[in-house]
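# Chain and residue survey
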Amino acid sequence: MNQADVLILGGGLVGATLSLALAAHGLTAIVVDPADPAVTLAPGFDGRASAIASASGKMLEAIGVTPRLAGLGCPIEAIRVSDGIAPGALDFAPEPGDGVLGVMYENRALRIALNEAVQGNDRIDLRMQTRAEEVTRDPAGVHARLSDGRHVRAQLLIAAEGRQSPTRDAAGIRMARWSYDHNAIITAFSHARPHDNIAYEIFYPAGPFAILPLVPRDGVNRSALVWTVSSGDAPAMLKLSERAFLAEAEKKMGGFLGPLSDLAPRSTYKLGFHHAARITADRLALVGDSAHGIHPIAGQGLNLGLRDAATLTQVLVEGKRLGLDLGDASLLGRYERWRGIDTLMVAGATDTLARLFGIPGALPSAVRRLGLSAVQAIPPLKARFMAEARGEAGDAPKLLQGAMV
C-alpha cells in the first residue's frame, strides 16, 4: 500500500506491537525499518531478555501475539530485592489467584513472534531494509519518499526509531539526557539449582546485579543476567574466560543457584538516561525509546514503550470513531497528557533508585536495608510497588487491561 492511516518509522519491539494493536482495531499502517531481518532475527544478534509485565502481557494477548509465544516464556512468580547478599530483603509475590507478575522472554523470541504476526496482517505494510529519505508533515497530511523510490502518505507519523531517533531530532524536540558511568553486561547461563520462577535484583555500589528466570533448555535450568559494572571495567569483564566470569558471578549471588555453567555470549552497552521535553509535534508522535530511555534498574524500559503503544492506540481508535483526522492536534494533545506524568514519574524513580543504591559505605547500605525491610512490613506500600511492577498503576489504557478499545 502507498497510503495508510499511520506511517511508523521503526519496526522494533514497540513499533511492531503498535502496528499490530492499530491493525486489530481496523487501522492501517506502513512500517519502515532499515534493519535486515536476516540479521536481527539471527540467534546471535541480541542476547537480551525482557520482563513483560502482566499488563503488557494482557495487551499482547488481546492483539493475538501470545499464542506465538507459547512455551517460550518463563513466568515471574516473585521478585526478590536485596542490598548485597546480606539480610534485609524485599520480596514481591502475588496473592494466590492474582496471576504472575510478568513473563521473561528472550528478545529474539519476541522479535520472531511479532515479525510473523506483522507479516501475516493485511492491514500492515512492512518495508524492511528501507529508510524514509524525505518526510513532509503539513496540514494536508504526511508524505514520505522512501529509499526504495516509492512515495507513501498517511495522516500521522510515528517515530519508534530508538534512542537516536533522527525524526525526533529533525522535529527540534529538546531532550534531557545524561550518561551513567556504568555499563550493563548481558548474558545467560545454566545453573544446578532451580530458580523457582523468581527474579532476583541484588544491589551493589557499582549497580544492580539482576538474575532473571528463563525457561529450561533441554531440561537444564537457565537464567539471564544483567550485571551493571563501572564503564572502565566493562572491557575486562568481556575478556574474562568463561570459567573466571562464572566464578565471579557465582560469588556475586552468594552461590544460591549452585554451580554455574554454559555461559552464553556476552555483550555490553553504556547506560544512560534521556527524556523528551514533549512527545508530539505537528502530525508526529514519539513512542518507546524515541521518547524516553531509562536505567534498567527496575526492568521497565520495554514496558514503558508498550504503555506508549497501548495509550496511542486508544487515542487514535477513539478519534477515528469520532471522525477526526488522526493527526488532529487535540488527539495528540490527549496522548501527550496521558503519557506525560507516567513516563516522567517512572524515569525519575529509576534515576533516583540508581543513584541511591550507588552510594557506597556501610551507613548508606544499612539505611537501604532498613528501607527495604520497612516496605516489606507495610502492606499498602508494598502493594503499590507491586502494582508498578505489574504495569497496572495509574490510568491504564484498555489494552493493558486485556480489553479492546
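For the structure itself, consult the block above.
Counting of residues starts from 1 at the beginning of each chain's written sequence and follows it residue by residue. Local features in a predicted model are, by the rule used here, given only for residues with pLDDT of at least 70; side-chain atom pairs are given and counted only at 80 or more, and totals for whole chains, interfaces and linings are based on all residues. Side-chain measures were taken over the full set of non-hydrogen atoms in the model, leaving aside hydrogen atoms and water.

## Remarks on the packing of helix α1 (residues 13–23) against helix α4 (residues 107–119)
Worth spelling out the cut-off: Structural elements are reduced to axes, namely lines fitted to C-alpha atoms, with helices fitted over the stretch in contact, and the angle between N-to-C directions of any two is expressed from 0 to 180 degrees. A run of H or I in DSSP becomes a helix once it reaches four residues, and a run of E becomes a strand once it reaches two; helices and strands are each numbered from the N terminus. Each crossing gets its hand from how the near helix is turned against the far one by less than a right angle, where anticlockwise is left-handed and clockwise is right-handed. Residues count as neighbours in contact if any of their non-hydrogen atoms are within 4.5 Å of one another.
Viewed as axis vectors pointing N to C, α1 and α4 meet at an angle of 35 degrees, and their least axial separation amounts to 10 Å. At the point where α1 passes α4, the crossing takes the left-handed sense. Seen from α1, the contacting residues are Leu13, Ala16, Thr17, Ser19 and Leu20; seen from α4, they are Asn107, Leu110, Arg111, Leu114, Ala117 and Val118.

## Here's the deal with the packing of α1 against helix α8 (residues 301–321)
Two measures define how a pair of helices packs: the angle their axes make with one another and the distance between the axes. Heads up, the condition is: Throughout this description, any angle smaller than 35 degrees is read as roughly parallel, any larger than 145 degrees as roughly antiparallel, any in the 65 to 115 degree range as roughly perpendicular, and the remainder as oblique. Polar here means any residue outside two lists: the nonpolar Ala, Val, Leu, Ile, Met, Phe, Trp, Tyr, Cys and Pro, and the charged Asp, Glu, Lys and Arg; Gly therefore counts as polar.
At a minimum axis separation of 9 Å, α1 and α8 run at an interaxial angle of 25 degrees. Looking at the two axes, α1 sits roughly parallel to α8. In this structure, the crossing between α1 and α8 has a hand that is right-handed. Where α1 abuts α8, its residues Leu13, Val14, Thr17, Leu18, Ala21 and Leu22 lie against Leu302, Gly305, Leu306, Ala309, Leu312, Thr313 and Leu316. The residue inventory of the contact of α1 with α8, partitioned by class, reads 10 nonpolar, 3 polar and no charged.

## Remarks on the sheet that holds strand β9 (residues 132–138)
Cut-off, in case you're wondering: Each pair of strands is called paired provided DSSP finds at least two bridges between the two strands.
Pairing in this open sheet of 3 strands is antiparallel, and the strands run β9-β10-β11 from one edge to the other. Two strands close off the open sheet at either side, each with one partner strand: β9 and β11 (151–154). Taken over all neighbouring pairs, the strand axes of this sheet differ in orientation by 15 degrees on average, direction set aside. Pairing analysis gives 6 bridges linking β9 to strand β10 (residues 141–146), with the strands arranged antiparallel. Note on β10: the bridge partner recorded for Glu134 is Arg145.

## Let's talk about α4
How we decide: Expected helix span is given by 1.5 Å per residue-to-residue step, counting one fewer step than there are residues. Buried, partly exposed and exposed residues are distinguished by accessible area as a fraction of the type maximum, computed with a 1.4 Å probe on protein chains only: under 20%, between the cut-offs, and over 50%, respectively.
Taking 1.5 Å of rise per residue, the 13 residues of α4 would be expected to cover 18 Å, and the 18 Å separating its terminal C-alpha atoms lies within 8% of that figure. All of the buried residues along α4 are Asn107, Ala109, Leu110, Arg111, Ala113, Leu114, Asn115, Ala117 and Val118. Buried positions along α4 lie against α1, α2 (37–40), β3 (49–53), β7 (102–106), β8 (124–128) and α8.

## Some points on the pattern of salt bridges
What counts is decided by this rule: The salt bridge criterion pairs a side-chain nitrogen of Lys or Arg with a carboxyl oxygen of Asp or Glu, the two atoms within 4 Å.
Applying the stated criterion across every chain, the model contains 14 salt bridges. The shortest N-O distance in the salt bridge between Arg127 and Asp148 comes to 3.7 Å. One end of the pair, Arg127, is in strand β8; the other, Asp148, is in the loop between β10 and β11, with 21 residues separating them in the sequence. The exposure class assigned to Asp148 is partly exposed, which follows from its relative accessible area of 38%. Here Asp308 and Arg339 are joined by a salt bridge, their closest N and O atoms 2.6 Å apart. Here Asp308, found in helix α8, pairs with Arg339, found in helix α9 (residues 329–356); they are 31 residues apart in sequence, far enough to count as distant.

## A closer look at the environment of Ala309
Among the secondary structure elements, Ala309 is positioned in helix α8. Overall, the relative accessible area of 0% leaves Ala309 in the buried class. Residues Ala309 and Leu286 lie 23 residues apart in sequence; the distance between their C-alpha atoms is 9.7 Å.

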